[in-house]
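# Close look at the chain arrangement
These are the residues of each chain, in order.
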Amino acid sequence: ANEAASAAEAEAKRLEAEERERKEAEERAAAEAAEAAEALPAEPAAGPDATTVLARLPDGKRLSRRFPKQAPLSHVRTWVTAASPEAAAACPAGLEIVSNYPRLVVGEADAPLSLLEAGLHPQATFFVREAASPEAA
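Residues numbered from 1 in each chain as written. Predicted model: local features only at pLDDT ≥ 70, side-chain atom pairs only at ≥ 80, totals over all residues. Heavy atoms only, no water.

## Concerning the packing of aromatic side chains
- Scanning the entire structure with this criterion turns up one aromatic pair.
- Residues Phe67 and Trp79 carry aromatic rings whose centres are separated by 5.6 Å and whose planes lie at 75 degrees to one another, so their mutual orientation is edge-to-face. With a gap of twelve residues between them, Phe67 in strand S2 (residues 62-68) and Trp79 in helix H2 (residues 73-83) connect regions that are remote in the sequence.
- According to the relative accessible area criterion, Trp79 is buried, its value standing at 9%. (Phe/Tyr/Trp six-rings, centres within 6.5 Å; stacked < 30°, edge-to-face > 60°. Helix = DSSP H or I, 4+ residues; strand = E, 2+ residues; numbered from the N terminus. Buried < 20%, exposed > 50% of the residue type's maximum accessible area, 1.4 Å probe, protein only.)

Okay, structure coming up:
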């Protein structure tokens with residue numbers, strides 16, 4: 001009976017530590033996201049030089065923001081991550097941002113491309129999903 005009690009105690013401590021680590025990771029992600037959001041340029045007024053970007057998150061929530069048409073795709077990625085730290089925290093493999101038309105999965109290689117160069121001006125719709133884990137590829 002003593003062994004079972006100490007095993008249960010060890011399991012409770014392990015679960016407590018895991019929960020604490022998860023909360024710390026969420027807090028770190030939220031702080032990083034807030035910092036990244038502050039670095040984004042101001043949202044431009046609607047007009048011919050602004051691209052309206054819509055993003056649908058994995059939980060069904062929708063985001064909308066305007067960017068200058070010359071803004072790099074890395075800004076869109078930063079905005080999505082900053083606006084949805086809970087979605088980022090729920091996806092350990094990271095978030096993938098996908099446009100169906102033109103078909104584009106925004107990755108590191110595409111980050112410097114502007115919305116205009118990627119063919120996403122004057123409006124872009126992205127679906128945000130959990131990135132495929134490297135093992136699954």
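What follows continues from the structure just given.
## A few points about the sheet that holds strand S5 (residues 123-130)
- Taken in spatial order, the five strands line up as S2-S1-S5-S3-S4 in an open sheet, and their pairing is mixed. Each end of this open sheet is capped by a strand with a single partner; those strands are S2 and strand S4 (104-106). On average, adjacent strands in this sheet sit at an angle of 30 degrees to one another, irrespective of strand direction.
- One ladder, built from seven bridges, connects strand S1 (residues 50-56) with S2; its direction is antiparallel. Paired with Leu54 across the strands is Ser64, a residue of S2.
- Here H2 sits on the sheet and contacts S1, S2, strand S3 (95-99), S4 and S5; the angle it forms with S2, its principal contact strand, is near 145 degrees. (Pairing = 2+ DSSP bridges. Axes fitted to C-alpha atoms, helices over the stretch in contact; angles between N-to-C directions. Contact = heavy atoms within 4.5 Å.)

## What about the environment of Pro72?
- By the secondary structure assignment, Pro72 is in the loop between S2 and H2.
- With 40 residues separating them along the chain, Pro72 and Pro112 place their C-alpha atoms 5.1 Å apart.

## What about the pattern of salt bridges?
- What the rule picks out here adds up to six salt bridges.
- We note a salt bridge from Glu11 to Arg14, for which the minimum N-O separation is 2.7 Å. Linking Glu11 with Arg14, this pair stays in helix H1 (residues 2-39), spanning three residues, or about one helical turn.
- Classification of Glu11 as partly exposed rests on a relative accessible area of 35%.
- For Arg20, the salt bridge goes to Glu16, with nearest N and O atoms at 3.9 Å. Here Arg20 and its partner Glu16 are both found in helix H1, four residues apart, which amounts to about one turn of the helix.
- Judged by its relative accessible area of 45%, Arg20 falls in the partly exposed class.
- Overall, Glu16 belongs to the exposed group, its relative accessible area being 52%.
- Each of the salt bridges in this network shares a partner with another, and the network as a whole consists of Glu11, Arg14 and Glu18. (Salt bridge = Lys/Arg side-chain N within 4 Å of Asp/Glu carboxyl O.)

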